[in-house]
Amino acid sequence: MKAIQFTQYGGPDVLQVIDIARPVPKKKDVLIKVAAIGVNYADAARREGAYVVETPLPFIPGSEVAGEVVEVGEDVKGIKVGTKVVTLLGSNRATGYAEYTLADSRGLIPLPENVDLTQAVALPLQGLTAYHILKTMGRLEKGETVIVHAAAGGVGTLAVQLAKIFGAGKVIATASSKEKLELAKNLGADEAINYTETGWEKQILEVTEGKGADIILEMVGGHIFYESLQCLAPFGRLVFYGMASGKPVKFNPARLMEKNQSVLGFFLPQMMAKPTLYQQSLHELLNYVNAGQLKLMLGGTFSLDEAADVHRLLQGRKTTGKLVLVP
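Since the model is a prediction, treat every value here as computed from it, not as a measurement.

### Structural notes on the overall build of the protein
Here's step 1: The helix and strand tally for the protein stands at 9 helices and 15 strands.
Here's step 2: Taking 327 residues into account, the globule formula puts the C-alpha radius of gyration at 20 Å, and the protein, at 20 Å, falls close to it.
Here's step 3: Expressed as a percentage of the 327 residues in the protein, the buried residues total 54%.
Here's step 4: Charge-centre separation for the protein: the mean point of 34 positive side chains lies 3 Å from the mean point of 33 negative side chains.

The structure is reproduced here in structure tokens:
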């Protein structure tokens, strides 16, 4: 079968097309014929050797896939061959950039009939990230104000909508261009602010009448992190879930005491330690999609051979919505 692998860390050019044997499922595994692969910043971080956990070499990236079950392990129950599923492979067995992949049967979510495979792959990583940042970590309460950075990206487009579904009183979207801000507004954002412009944090304070936001979704790092803290309301929660800028942050936690604020970290693979919570929330997301409450924004579909070009687009911040590879 065809797969994308890298044998050394580096830029997109280290991604190479290879031909390897099709894997065989073990006891609780299923073999999935992959129809759609989600592309994420985590894949690029893996490729650069800058991921949160170590990436062993050689490595086939890709942690979220949708496809059809074609073979099951001897201990698998309740999953039949031919079932269309979506799943998150987990950080220790991310091998999604391939025509076939193995997945733990306990993490599979069968798809509703009217949700296609290409759309569904937008949910496992970015949908669950948006969901749990807002609900589990951010503890969003009705009427609260939420800031969603990078609101036109995969997580951002879903977070804007979910914040509204969960009862946020005001959703403030930030992005780097007029077109991206318009997209966020169309998805339900109440305010849209360009965070690449000097003084954007003052605009946040103006539209919140000086209070700031109760929850901030932060995945940029660098100066955006520090400026975001200036926009955090008393008892506010800033959830840090990425570092797209590549610039680390340092701060004195004592500064949080004055306004009883919190800074929390979120790493989705840890959710796999709680499969019941993972499955329940993914089912909930699929139900929102099925009911037409949650729109899945695709930024483009590309062939598996184009993986390196897709990584360049992703890191060049020239895309909106979810990027998908198709074998």
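### Some remarks on the domain arrangement of the protein
Here's step 1: Domain annotation for the protein reports domain 1 (2–122 + 297–325) and domain 2 (126–269).
Here's step 2: Between domain 1 and domain 2, the C-alpha centre-to-centre distance is 28 Å.
Here's step 3: On the side of domain 2, 18 residues touch domain 1, which itself brings 17 residues to the contact.
Here's step 4: Here domain 1 meets domain 2 over a buried area of about 1200 Å², counting both sides, of which 62% is carbon and sulfur.
Here's step 5: When the buried area of domain 1 at its contact with domain 2 is split by residue, Met-297, Arg-317 and Thr-320 rank highest and sum to 38% of it.
Here's step 6: Summed over the shared surface of domain 1 and domain 2, the result is 2 residue pairs in polar contact (both at pLDDT 80 or more).

### Details of unusual backbone geometry
Here's step 1: For the bond running from Leu-57 to Pro-58, omega is -5°, close enough to zero to count as cis.
Here's step 2: Following the sequence through the fold, Pro-58 ends up in the loop between helix H1 (41–48) and strand E4 (64–72).
Here's step 3: If you check the backbone angles, Glu-209 has positive phi at about 55° while not being a glycine.
Here's step 4: Turning to its location among the elements, Glu-209 is positioned in the loop between helix H6 (200–207) and strand E11 (213–218).

### Observations concerning the packing of helix H3 (residues 123–137) against helix H4 (residues 154–165)
Here's step 1: At their nearest, the axes of H3 and H4 sit 8 Å apart, and the two run at 45° to each other. For the element pair H3 / H4, the angle class is oblique. Where H3 crosses over H4, the handedness of that crossing is right-handed. From H3, Gln-126, Gly-127, Thr-129, Ala-130, Tyr-131 and Leu-134 reach across to H4, where they touch Gly-154, Val-155, Leu-158, Ala-159, Leu-162 and Ala-163.

### Considering the side chain of Thr-129
Here's step 1: Looking at the element boundaries, Thr-129 is found in helix H3.
Here's step 2: Those residues within four positions of Thr-129 in sequence are excluded, and the remaining contacts are Val-155, Tyr-241, Phe-266 and Leu-268.

### Overview of the pattern of salt bridges
Here's step 1: Taken as a whole and judged by the stated rule, the model has 10 salt bridges.
Here's step 2: Salt-bridge contacts for Asp-190 lead to Lys-164; the nearest nitrogen and oxygen are separated by 2.7 Å. Within this pair, whereas Asp-190 is found in the loop between helix H5 (178–186) and strand E10 (191–194), its partner Lys-164 is found in helix H4, the two being separated by 26 residues in sequence.
Here's step 3: When its relative accessible area of 29% is taken as the criterion, Asp-190 is described as partly exposed.
Here's step 4: By relative accessible area, which is 31% here, Lys-164 ends up partly exposed.
Here's step 5: Its salt-bridge partner being Asp-309, residue Arg-312 comes within 2.7 Å of it at the nearest N-O pair. Remark: Asp-309 and Arg-312 occur in helix H9 (residues 307–315); sequence separation between them is 3 residues, near one turn of the helix.
Here's step 6: Owing to a relative accessible area of 44%, Asp-309 belongs among the partly exposed residues under this scheme.

Thresholds applied
Residues numbered from 1 in each chain as written. Predicted model: local features only at pLDDT ≥ 70, side-chain atom pairs only at ≥ 80, totals over all residues. Heavy atoms only, no water. Helix = DSSP H or I, 4+ residues; strand = E, 2+ residues; numbered from the N terminus. Rg over C-alpha atoms; globule rule 2.2 N^0.38 Å. Buried < 20%, exposed > 50% of the residue type's maximum accessible area, 1.4 Å probe, protein only. Lys, Arg positive; Asp, Glu negative; His and termini not counted. Charge placed at Lys NZ, Arg CZ, Asp CG, Glu CD. Domains from an automatic or database assignment. Contact = heavy atoms within 4.5 Å. Buried area = accessible area lost by both parts, 1.4 Å probe. Polar contact = N/O pair within 3.5 Å; in protein donor to acceptor, adjacent residues only side chain to side chain. Axes fitted to C-alpha atoms, helices over the stretch in contact; angles between N-to-C directions. Parallel < 35°, antiparallel > 145°, perpendicular 65-115°, else oblique. Left-handed = near helix turned anticlockwise from the far one by under 90°. Salt bridge = Lys/Arg side-chain N within 4 Å of Asp/Glu carboxyl O.

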